[in-house]
Amino acid sequence: MENYRPITKATADKFLQLLKTKGPQSAAMLAAALRMTGEGARLQLLKLAEEGLVVSATTSRGVGRPVQIWDLTPLGHAHFPDTHVELTLQIIETIRKELGEAALEKVVAAREFQQQEKYMSKLEGVTGLAERLAQFAAIRTSEGYLAEWREEEDGFIFIENHCPICCAATQCANICTSELNTFQAIMGDEAEVKRVDHIIAGDRRCVYKISRVKELITSR
């Protein structure tokens, strides 16, 4: 009867993190990932739904019965909060109001420089794109970005399932530009980085396509 006990915070966090990192899932998919029964997963999801953290929708997938798919609600996404949201937004607005847009751009540029210095220091001695991406994903995850990466035939994909500075980036678009600049600096001259999905644009996560420069040259 283990699956029927009240949901604990640890169990709830596992469900929410899977939905955050993997996107909408069925109860069966979540059950398999968490090694529990499908019925147990459904009961846990119903409890989370009562708390307003998840919501379900029925979808058809070819032949067979419709499948119930679960996803995070806005409250569920808020379970992964932005860091120091109110203070950050106040600082951005104060700089913009008191010192002007040019001053805000200088602050963002200074942050970009500091970020790049920090990452370069942590990645010192790490060679090869795959190795750098693995280390960089670990660093960004520790900062709250829930980062992951994978290799593809034509390069790599780097995914950030959460943006802990989303509210600040919404108020100051230059922050996102700065983040992309930092990604390019981390990868160096041997790769080209493009953002293909963007949370600020309404996507579920930020996704970066990383292509080897040699491959780009060869394909032209």
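Keep in mind the model is a prediction, meaning the values are calculated, not measured. (Residues numbered from 1 in each chain as written. Predicted model: local features only at pLDDT ≥ 70, side-chain atom pairs only at ≥ 80, totals over all residues. Heavy atoms only, no water.)

(A) Fine view of the packing of helix α2 (residues 27-34) against helix α3 (residues 38-50). It is at 8 Å that the axes of α2 and α3 come closest, and there the two elements cross at 110 degrees. As summarised for this structure, α2 and α3 are arranged roughly perpendicular, according to the angle between their axes. Residues Ala27, Leu30 and Ala31 of α2 form the contact with α3, whose participating residues are Gly38, Ala41, Arg42 and Leu45. Class assignment of the residues belonging to the contact of α2 with α3 gives a composition of five nonpolar, one polar and one charged. (Axes fitted to C-alpha atoms, helices over the stretch in contact; angles between N-to-C directions. Helix = DSSP H or I, 4+ residues; strand = E, 2+ residues; numbered from the N terminus. Parallel < 35°, antiparallel > 145°, perpendicular 65-115°, else oblique. Contact = heavy atoms within 4.5 Å. Nonpolar A, V, L, I, M, F, W, Y, C, P; charged D, E, K, R; others polar.)

(B) Structural context of the nonpolar core. Phe136, Phe158, Ile175, Met187 and Ile210 are the most contacted members of the largest nonpolar core, which has 33 residues in total. At the level of elements, α5 (85-98), α6 (101-122), α7 (129-142), β5 (155-160), α8 (166-171), α9 (174-187), β6 (191-197) and β7 (206-212) are the ones that each hand at least two residues to this core. Apart from residues no more than four positions distant in its own chain, Ile175 is found in contact with Ile92, Val108, Arg111, Ile165, Ala168 and Ala169. Ala27, Leu45, Leu72 and Leu146 belong to the second-largest nonpolar core, a separate cluster that totals 18 residues. (Core = buried A, V, L, I, M, F, W, Y, C linked by side-chain atoms within 4.5 Å. Buried < 20%, exposed > 50% of the residue type's maximum accessible area, 1.4 Å probe, protein only.)

(C) Focus on the sheet that holds strand β2 (residues 54-59). Pairing is antiparallel across the open sheet formed by three strands, whose spatial order is β1-β3-β2. Both edges of this open sheet fall to β1 (25-26) and β2, since each of them pairs with a single strand only. Running at roughly 95 degrees to strand β3 (residues 67-72), helix α1 (residues 9-22) makes contact with β1, β2 and β3 of the sheet. (Pairing = 2+ DSSP bridges.)

(D) Structural detail: the packing of aromatic side chains. By the definition in use, this model includes six aromatic pairs. Between Tyr119 and Phe136 the ring centres are 5.1 Å apart and the planes differ by 80 degrees, which places this aromatic pair in the edge-to-face class. Here the residue Tyr119 occupies a position in helix α6, and Phe136 occupies one in helix α7, the gap between them amounting to 17 residues. Tyr119 sits in the buried class, given a relative accessible area of 0%. Ring centres of Phe136 and Phe183 lie 5.2 Å apart, and the angle between their planes is 75 degrees; on these two criteria the pair is classed as edge-to-face. Of the two residues, Phe136 is situated in helix α7 and Phe183 in helix α9; the sequence distance between them amounts to 47 residues. Across this residue pair, the class does not change: Phe136 and Phe183 are buried. (Phe/Tyr/Trp six-rings, centres within 6.5 Å; stacked < 30°, edge-to-face > 60°.)

(E) Spatial organisation of the packing of α6 against α7. Their axes nearest at 10 Å, the elements α6 and α7 cross at an angle of 120 degrees. Judged by the inter-axis angle, α6 sits oblique to α7. Pair α6 / α7 crosses with right-handed handedness. Side by side, α6 and α7 meet where Gln115, Tyr119, Met120 and Lys122 of the first sit next to Arg132, Phe136, Ile139 and Arg140 of the second. (Left-handed = near helix turned anticlockwise from the far one by under 90°.)

(F) Spatial organisation of the pattern of salt bridges. All told, the structure shown has 14 salt bridges when counted by the stated rule. Across the pair Glu143 and Lys118 runs a salt bridge whose closest N-O atoms are separated by 2.8 Å. Of the two residues, Glu143 sits in the loop between α7 and β4 (147-152) while Lys118 sits in helix α6, which places them 25 residues apart along the sequence. A residue is classified by how much of its surface remains accessible, and Glu143, at 23% relative accessible area, is partly exposed. Judged by its relative accessible area of 30%, Lys118 is partly exposed. When salt bridges with common partners are traced through the structure, they connect Arg111, Lys118, Arg140, Glu143, Glu160 and Glu179 into a single cluster. (Salt bridge = Lys/Arg side-chain N within 4 Å of Asp/Glu carboxyl O.)

(G) Geometry of the confidence of the model for the protein chain. Across the protein chain, the average pLDDT comes to 88, with 90% of residues at or above 70. A low-confidence stretch, residues 1-5 (pLDDT under 50), is modelled with eight contacts involving residues beyond four sequence positions or located in other chains. Residue range residues 216-220 is modelled with pLDDT below 50. Its contacts to residues more than four positions away, or to other chains, number two contacts. (pLDDT = per-residue confidence, 0-100.)

(H) Geometry of the sheet that holds β5. Taking strand neighbours across the sheet as the criterion, the four strands line up as β4-β5-β7-β6 in an open arrangement whose pairing is antiparallel. Across the chains shown, the open sheet's two edge strands, defined by having one partner strand only, are β4 and β6. Taking the axes of each pair of neighbouring strands and ignoring which way they run, one obtains an average angle of 20 degrees across the sheet. Two elements, β4 and β5, share six bridges in a ladder whose sense is antiparallel. By the bridge assignment, Arg150 is partnered in β5 with Ile157. Running over the sheet, α9 touches β5, β6 and β7 and is turned about 145 degrees from β6.

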